Amino acid sequence: DAGVTQSPTHLIKTRGQQVTLRCSPKSGHDTVSWYQQALGQGPQFIFQYYEEEERQRGNFPDRFSGHQFPNYSSELNVNALLLGDSALYLCASSLGAGTREAFFGQGTRLTVV
Amino acid sequence: GESVGLHLPTLSVQEGDNSIINCAYSNSASDYFIWYKQESGKGPQFIIDIRSNMDKRQGQRVTVLLNKTVKHLSLQIAATQPGDSAVYFCAEAYNNNDMRFGAGTRLTVKP
């Protein structure tokens, strides 16, 4: 039974570029949430997708957008990258809308230079 | 040993001792609380959760205590092992909304 998988594991981008991160939820899960974790801090909620729609959103600008596919996998897109976007991006999956028993992937380490 | 997550971000214990990691949460309406363990270079790993209608829940070697009166959550780890060394985060959620994480406590287990 595969857990939550994210790709790529590491990524280096230049300021102003765009990036797409991918997440496959744990088998049987239908909800995907994305978090940003800066070094030395706790994860910060970006948004959640359920039934291919954005259900909740945290305090992140419109440069951050996402998508969920019919197979429940998800993408996180960030446009016009800033140096401050450098962080570990985590995907968490759960069953049903909400955050009960959410399981995280290993994350994608994004470095913006 | 004990630690208040936000003010003493590190906790060092001897192997075999019990560990207590504390967390003060912010929203008195939060109804779901979770503890995660995060090892270096990995994503957070679910440890145990508790709903607001309970004050104690036990797992394998771990116990979570919830005191809603003072908005306090603690994680007790029995017979701490070197493999328990990690950063521990508490998270709170309200009405099935997103999780809000604390700053984390780094636990170091000395052999």
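Quick note: structure is the one above.
Enquirer: Looking at this structure, how should I read unusual backbone geometry?
Expert: Note: most residues except glycine have negative phi, and most peptide bonds are trans. Between S7 of chain A and the following residue, P8 of chain A, the backbone shows a cis peptide bond with an omega angle of -10°. Note on placement: P8 of chain A falls in the loop between β1 (5–7) and β2 (10–13). You will see that R61 of chain B, though not glycine, has its phi angle at about 65°, which is positive. Relative to the elements of secondary structure, R61 of chain B occurs in the loop between β6 (56–58) and β7 (62–67). Taking the relative accessible area as the measure of exposure, R61 of chain B reaches 32% and is therefore partly exposed. Within the chain, A79 of chain B stands out as a residue other than glycine whose phi angle is a positive 45°.

Enquirer: Looking at this model, I keep getting lost on the sheet that holds β1 of chain A. Mind explaining?
Expert: Neighbouring strands of a sheet are bound in pairs by backbone hydrogen bonds; such pairs are parallel or else antiparallel. Residues and elements named next belong to chain A. Ordered by their spatial adjacency, four strands build an open sheet running β1-β3-β8-β7, and the pairing between neighbours is antiparallel. With one partner strand each, in any of the chains shown, β1 and β7 (64–68) form the two edges of the open sheet. Adjacent strand axes in the sheet meet at a mean angle of 20° when their direction is disregarded. When strand β3 (residues 19–24) meets strand β8 (residues 74–78), the two strands line up antiparallel, connected through five bridges. For V19, the partnering residue across the bridge sits in β8 and is V78.

Reading guide: rules and limits
- Residues numbered from 1 in each chain as written.
- Chains lettered and ligands numbered in written order.
- Predicted model: local features only at pLDDT ≥ 70, side-chain atom pairs only at ≥ 80, totals over all residues.
- Heavy atoms only, no water.
- Helix = DSSP H or I, 4+ residues; strand = E, 2+ residues; numbered from the N terminus.
- Buried < 20%, exposed > 50% of the residue type's maximum accessible area, 1.4 Å probe, protein only.
- Pairing = 2+ DSSP bridges.
- Axes fitted to C-alpha atoms, helices over the stretch in contact; angles between N-to-C directions.

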